[in-house]
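Summary of structural features
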Amino acid sequence: GLGIPAEPLFRSENYWEGIFMIRQATVQDIPEMLRIYDAARAAMRAAGNPTQWSGGYPTEELLRADIARGVSYVLHDMDAAPHAVFVLIAGDDPTYAHIENGAWRDDTPYATLHRVASDGSHRGTFRAILDFARTQYSHLRADTHEDNHPMQHLLCAAGFVFCGTIYVADGTPRRAYEWIKESHP
């Protein structure tokens, strides 16, 4: 209903922080989502990534569209406001059709992680997001900016393999990664 957050879809036992809840984002989450993206942009700048997510990306309009499509999720503690946000989209990503300096390892159906961000207040956030995504899909893809070394490290540490370079809608390059479940057919 209106004003009531969606029911949690997933509980993640977290070594550092206890239990994270993941649920679909609602329009009521937008102010917190914008706050999280602001914090993530500041962290990227501080880590030597000056251009990713510039110009107010992702916009409130994009967040609303993601929510309407049912692909936007938030992480929160048992009783607290969201501290991380991400998008998980099943199906072919048009920007992944062309890859340079490498190749995708698997052409079976996949889901893509996009716009993963944390406000930095909790450890283990990315692991919780992956735990959730991996319960839904056995084949995941993601991409990140060449200057986003923290995300590159997180992806590789989580079993993603660097596959090559893709280009996002504005024509800028991104490092593309893929994870395939071991028992994946």
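Because the structure is predicted, anything quoted here is derived from the model rather than measured.

A word on the side chain of D93
Here D93 shows up in the loop between β4 (82–90) and β5 (111–118). The side chain of D93 sits in the buried core without any salt bridge; R115 is the nearest counter-charge, 7.6 Å away. Residues in contact with D93, not counting those within four places in the same chain, are Y110, T112 and H114.

Comments concerning the packing of aromatic side chains
In total, this model carries 8 aromatic pairs according to the counting rule given. By way of ring pairs, the aromatic residues Y37, W53 and Y57 are connected into one cluster. The lysine or arginine in question, R141, covers the ring of W104, its NZ or CZ lying 3.9 Å from the ring centre. Here the guanidinium or amino end of R141 rests over the ring plane of Y110, the centre of that ring lying 4.0 Å away.

What about the packing of helix α1 (residues 30–46) against helix α2 (residues 60–69)?
Between α1 and α2, whose axes approach to 11 Å, the crossing angle comes to 125 degrees. In terms of orientation, α1 lies oblique with respect to α2. Where α1 crosses over α2, the two elements pack in a sense that is right-handed. In this structure, α1 contributes I30, M33, L34 and Y37 to the contact, and α2 contributes E60, L63, R64 and I67. Of the residues in the contact of α1 with α2, the class split is 6 nonpolar, no polar and 2 charged.

Focus: the pattern of salt bridges
Under the counting rule described, the total for this entry stands at 7 salt bridges. Residues R23 and D29 are paired through a salt bridge, measuring 2.7 Å at the closest nitrogen-oxygen approach. Of the charged contacts in the structure, one is a salt bridge between E178 and R141, with a shortest N-O distance of 3.1 Å. With E178 in strand β8 (residues 173–180) and R141 in strand β6 (residues 139–144), this pair connects stretches of sequence that are 37 residues apart. Residue E178 is classed as buried on the basis of its relative accessible area, which comes to 0%. According to the relative accessible area criterion, R141 is buried, its value standing at 4%. Each of E32, R35 and D119 takes part in one network of salt bridges that share partners.

What counts as what
Residues numbered from 1 in each chain as written. Predicted model: local features only at pLDDT ≥ 70, side-chain atom pairs only at ≥ 80, totals over all residues. Heavy atoms only, no water. Helix = DSSP H or I, 4+ residues; strand = E, 2+ residues; numbered from the N terminus. Buried < 20%, exposed > 50% of the residue type's maximum accessible area, 1.4 Å probe, protein only. Lys, Arg positive; Asp, Glu negative; His and termini not counted. Salt bridge = Lys/Arg side-chain N within 4 Å of Asp/Glu carboxyl O. Contact = heavy atoms within 4.5 Å. Phe/Tyr/Trp six-rings, centres within 6.5 Å; stacked < 30°, edge-to-face > 60°. Lys NZ or Arg CZ within 6 Å of the ring centre and 35° of its normal. Axes fitted to C-alpha atoms, helices over the stretch in contact; angles between N-to-C directions. Parallel < 35°, antiparallel > 145°, perpendicular 65-115°, else oblique. Left-handed = near helix turned anticlockwise from the far one by under 90°. Nonpolar A, V, L, I, M, F, W, Y, C, P; charged D, E, K, R; others polar.

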